[in-house]
Structure formats: structure tokens, C-alpha cells
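Coordinate analysis (summary)
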Amino acid sequence: MDECYIDKKALTQIMDLIEQQCGPHCEIVLHDLSQPYDKTIADIRNGHITGRKIGDCGSNLGLEVIRGTIKNGDKFNYITHARDGKILRSSSIYLRDKDGVLRYSLCINLDISDSVKFETYLKDHNRYAVTDNEVNEIFVNNVQDLLSELIKSGSALIGKELGEMDKNEKIRLLEYLDNKGAFLISKSGERLCDELHISKYTFYSYLDLIRGNDANGAKNKKASETR
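All residue numbers here refer to positions counted from 1 along the written sequence of the relevant chain. Thresholds applied to this predicted model are a pLDDT of at least 70 for local features of residues and 80 or more for the giving and counting of side-chain atom pairs; totals over whole chains, interfaces and linings are not thresholded and use all residues. Where side-chain values are given, they derive from all heavy atoms of the structure, hydrogens and water being excluded.

1. Some details on the overall build of the protein
Secondary structure summary: the protein contains nine helices and five strands in total. Helix and strand assignments come from DSSP, with helices taken as H or I runs of at least 4 residues and strands as E runs of at least 2, each series counted from the N terminus. In the protein, the order of α-helices and β-strands from amino to carboxyl end is α-β-β-α-β-β-β-α-α-α-α-α-α-α. The buried share of the protein, taken over its 227 residues, is 46%. The contact criterion used is simple: two residues touch if any of their non-hydrogen atoms lie within 4.5 Å. Contacts in the protein between residues far apart in sequence, at least 24 positions, make up 55% of those at least 6 positions apart. Think of it in three bands: residues with accessible area under 20% of the maximum for their type are buried, residues over 50% are exposed, and the middle band is partly exposed, with areas taken using a 1.4 Å probe on protein chains only.

Structure representation (C-alpha cells):
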């Protein structure tokens, strides 16, 4: 295995530092991106904030970085929301090995729900008013729930349920999901075939159309077929 610029032991020490400094309202998550995406969480502190644990999957943002839709996934002080309504101020960094291969992601989710109630006094601290820095990040325990949330978002964007979409709307949905990295999830293609009532041949034809049938698209199609 290639040596990473920073090893897991060092990352664990950094997590210890952040945990001790920031206390129980700060979730710190280490993702091992060499693992299947359904179990990337290698270490997590204060997991009660998003309800996750070691062995759970990453969020939708990580999928987009792995897919290559987002070239630099590092984000700092962005606002997102947990499924139970918590308001989080988050930061995420992605670490690569000497060959440029993604190896780890280190993420911080600070629960600012209570302090937002006092936004008038704590505006500079929370930065919650900076609406152009808000990111829709999805926290779930398994990748099938993550896929469900991505499908729901795509359906809402188009304004129709999957079973009611025409050909062009189905292509738009698949393009949205492809850009979000959804087809990196195991058996996602089979699920979309079932829910859109299309054949595998039609599914891959639509993907070829979306990706322009270029070399990158052919590579990603082959990767999808192995899942």
C-alpha cells in the first residue's frame, strides 16, 4: 500500500486534539477512502451529533470528490443540517498519497444549534448568515439511504415522481445522479432501472448520451458494470 503523506496514527492524534479542545458538541470523523464507500468511517468522535458510528458510510460530498465531479473537495466553515434538524458548521479536507490517490478524509461538524438562537450576539462566531456558503450535505448510516436521498433530491429538482417521468426527464435525473457520484454506489444502476422502469441496455445508453460517450464515460461505465 502506498505511503500517505500523513498516516492514520497522526490523524488519530489530530482527532484527539480537536476532541479535547472542542468538547462534546464537535463531531470529528475520519474516512478511510481505500475502503468500500459503505463503510468508510474508520474513526468518529461524538458521533451522536449525526447519529453515525465506525463502519458507517460517507456523505454525498465524498462521493462527488471520488467521482471527480468536484476536483478539490476541501471545504471550510460551511453550513449544513443533520436529518434531525441540527445546524452544523462543518469543514472537510481530503488527503492523497504520494501518487495523488485519495486516501483519507477528515471532517469536523460543530453543532451550533443552540448558539444560532443567539445569532444577534454570536453572528461572527457562527457565520450562519453567510447563505452563499451553505452546502447540502447528507448524513446517513448506509449507502442505500444515501442513494435514496440523492434520488429524492433529483426527483424534487425535476418536479416529478420517478414513475411519472418521460424519457428526457429520466435522462436529466440520471445526469444529476451521475454528477453526484451516485453510480459509485453498489447496485445503484439496478435500482434505477427498477424505479424508472427501464432496461439495463436503456440505462447504459442514457449514460453514454450523458457522458458524451468519451473515454472518461466509457471508463466509468465499465466501473459501473462491475458493481
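2. Quick notes on the side chain of T80
Take T80: it is sitting in strand β3 (residues 75–81). Polar contacts, as used here, are pairs of N or O atoms within 3.5 Å; protein pairs need one atom able to donate a hydrogen and one able to accept it. Residues neighboring in sequence count only if both atoms are side-chain atoms. Within the structure, the side chain of T80 is placed 3.1 Å from the backbone nitrogen of E137, a separation counted as a polar contact. In contact with T80, other than residues within four places in its own chain, are K86, I87, L88, S90, V135, N136, E137 and F139.

3. Thoughts on the pattern of salt bridges
Salt-bridge detection follows one rule: a side-chain nitrogen of Lys or Arg within 4 Å of a carboxyl oxygen of Asp or Glu. What the rule picks out here adds up to 13 salt bridges. Notably, a salt bridge pairs D43 with R45, separated by 3.0 Å at the nearest N-O pair. There is no split in this pair, since D43 and R45 are both buried. A single network of salt bridges, built from pairs that share partners, joins D16, E19, D43 and R45.

4. Considerations on the pairing of strand β2 (residues 41–45)
Across the five residues of β2, four count as buried, placing the element largely inside the fold. Of the pairings in the sheet, the one linking strand β1 (residues 26–32) to β2 comprises four bridges and is antiparallel in character. Its bridge partner lying in β2, L30 is registered against D43. Between any two strands, at least two bridges found by DSSP are needed for them to pair.

5. Quick look at the packing of aromatic side chains
The way to describe two aromatic rings as a pair is by their centre distance and the angle between their planes. Here is the rule: rings of Phe, Tyr and Trp (six-membered ring for Trp) pair when centre to centre is within 6.5 Å. Planes less than 30 degrees apart are stacked, more than 60 are edge-to-face, and the remainder are tilted. For the coordinates displayed, the defined rule picks out two aromatic pairs. Judged by centre distance (5.3 Å) and plane angle (85°), the ring pair of F183 and F203 falls under edge-to-face. Of the two residues, F183 sits in the loop between α6 (167–179) and α7 (188–196) while F203 sits in helix α8 (residues 200–211), which places them 20 residues apart along the sequence. For F203, a relative accessible area of 2% translates into the label buried. Ring geometry for F203 and Y204: centres 5.1 Å apart, planes at 70°, overall edge-to-face. With respect to class, F203 is no different from Y204; both count as buried.

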